[in-house]
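Below, each chain spelled out in residue letters.
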Amino acid sequence: MSKMRLISMIATAAAFLAAPYMAGAGAPSIEDKAAAPIIRKGSVPVNGIDYYYEIRGEGEPLLLLHGGLGQIEMFTPVMPVFTDHRQVIAVDLQGHGRTPLGNRPIELPDIGADLAILVKQLGYDKVDVFGYSFGGGVALNMAANAPDRVRRLVILSAPYAQNGFFPEMLPQQAAVGAGMAEMMKDTPMFLSYKAVAPDVSEFPKLLDAMGALMRKPIDYSDAVAKLTMPVMLIYGDADMIRPEHMIDFYHKLGGGLRDAGWMRENMSQNRLAILPDLTHYETFASPLMATVAMTFLDGGGKAPNWAEQVGK
């Protein structure tokens, strides 16, 4: 397999793996942007994993979870939108960024359970949660297993089951493993990892762990059924998730099943946004996405209806 073919396969097909933005190596840091500065950072040990976190900004707390083979810096382009009036708790997930892999497999329910403990240990009773791709799967499981900890939930570019991906991607996802590490050394995934990881030699192990996760026929339908808080699903119109799956996910949340009604009397509390001109590898850095997500998280977005306009 050629190097370019391998890079293309990793960057465009691996479930949850989407990190074209590169931290380090001359890329701007979060501090170079107009985001609020870090006011607190460190590591919290939870169930054998030392999770690295950064807290910045003021306001209602928002837990921010990156995509696979990424880290906190993935959100650099849109961090100012999140920190404008929120206190953002950004976490490097298991094996990613500054958080070591540890001695257990990568499992979304386990990481979700860890984060519910982490936010409590950091002193937060309840948080809004935003998760992208791999982080979206973590966010789904966290909210399902600890609904008392999550006020509102945004899932960006993540399916609830493996069959949400286009079928031609599944064999490529299954091929992810340590054998690819050497040929990935010039990719954004490795370079961003190298810039912050405490032990760069763990990268092949991370690929093995992520490959093992992606080879499992996961289905979190039961977790979706446990979501009681308002949920927003956001996708790009050219995402790696099948459009039919996006709609099915929304249906499972009670959305899109009937007309909302003249006065929104039949409207679900949950929302779906499919944004134009965005692929899976761009949604997390889109200012439009960040604005849509924050509007929902702040409880806004309702436009005046016709009756309200005429009645003025």
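What counts, and where the lines are drawn
Residues numbered from 1 in each chain as written. Predicted model: local features only at pLDDT ≥ 70, side-chain atom pairs only at ≥ 80, totals over all residues. Heavy atoms only, no water. Salt bridge = Lys/Arg side-chain N within 4 Å of Asp/Glu carboxyl O. Buried < 20%, exposed > 50% of the residue type's maximum accessible area, 1.4 Å probe, protein only. Helix = DSSP H or I, 4+ residues; strand = E, 2+ residues; numbered from the N terminus. Axes fitted to C-alpha atoms, helices over the stretch in contact; angles between N-to-C directions. Parallel < 35°, antiparallel > 145°, perpendicular 65-115°, else oblique. Left-handed = near helix turned anticlockwise from the far one by under 90°. Contact = heavy atoms within 4.5 Å. Expected span 1.5 Å × (residues − 1). Polar contact = N/O pair within 3.5 Å; in protein donor to acceptor, adjacent residues only side chain to side chain. Arc of directions from axis to C-beta. Phe/Tyr/Trp six-rings, centres within 6.5 Å; stacked < 30°, edge-to-face > 60°. Pairing = 2+ DSSP bridges.

A. Quick peek at the pattern of salt bridges. Overall, the coordinates contain 11 salt bridges when judged by the stated rule. One salt bridge in this structure joins R98 and D92, with 2.8 Å as the shortest N-O distance. The exposure class assigned to R98 is buried, which follows from its relative accessible area of 17%. For D92, a relative accessible area of 0% gives the class buried. A salt bridge links D114 to R104; its shortest N-O distance comes to 2.4 Å. Placement of the pair is D114 in helix α3 (residues 108–121) and R104 in the loop between β4 (86–92) and α3, with a sequence separation of 10 residues.

B. Structural detail: the packing of α3 against helix α4 (residues 134–145). Their axes nearest at 7 Å, the elements α3 and α4 cross at an angle of 70°. On the basis of their axis angle, the class for α3 and α4 is roughly perpendicular. Between α3 and α4 the crossing geometry is right-handed. Within the contact between the two elements, α3 uses L108, P109, I111, G112, L115, A116 and V119 and α4 uses F134, G137, V138, N141 and M142.

C. Highlighting α3. Compared with an ideal rise of 1.5 Å per residue, which puts 14 residues at 20 Å, α3 spans 20 Å between its outermost C-alpha atoms and is within 8% of the ideal. Within two residues after α3, G123 carries a phi angle of roughly 100°, on the positive side.

D. Molecular detail of the side chain of E54. Here E54 shows up in strand β2 (residues 49–56). In terms of polar contacts, E54 uses its side chain to reach the side chain of Y52, at 2.6 Å. Side-chain polar atoms of E54 contact the side chain of R56, separated by 3.3 Å. Once you skip the residues sitting within four places of it in the chain, E54 turns out to touch I38, R40, K41, I72, V88, I89, A90 and R98.

E. Molecular detail of helix α6 (residues 188–196). Of all the residues in α6, the buried ones are M189, F190, S192, Y193 and V196. All buried residues of α6 lie within an arc of 170° about the axis, which places them on one face of the element.

F. Molecular detail of unusual backbone geometry. The phi angle at N47 is positive, at roughly 50°, despite the residue not being glycine. Looking at where N47 falls in the secondary structure, it is placed in the loop between β1 (38–46) and β2. Here N47 falls in the exposed class, since its relative accessible area comes to 53%. The phi torsion at R264 lies on the positive side, around 65°, for a residue other than glycine.

G. Quick look at the packing of aromatic side chains. Applying the stated criterion across every chain, the model contains seven aromatic pairs. On the numbers, 5.8 Å between centres and 80° between planes, the contact of F75 with F130 is edge-to-face. Of this pair, F75 sits in the loop between β3 (60–65) and α2 (79–83) while F130 sits in strand β5 (residues 127–132), and the two are 55 residues apart along the sequence. Here F75 matches F130 in class, with each residue buried.

H. Expanded view of the sheet that holds strand β6 (residues 150–156). Pairing is mixed in the open sheet, where eight strands are placed in the order β1-β2-β4-β3-β5-β6-β7-β8. Of all strands in the sheet, those with a lone pairing partner are β1 and β8 (271–279), marking the two edges. Adjacent strand axes in the sheet meet at a mean angle of 20° when their direction is disregarded. Here strand β7 (residues 231–238) pairs with β8 via six bridges, running parallel. Directly across from A238, in β8, lies its bridge partner T279. Where α4 meets the sheet, it contacts β3, β5 and β6, and its direction lies at approximately 145° from that of β5.

What is shown is where atoms sit, not what they do.
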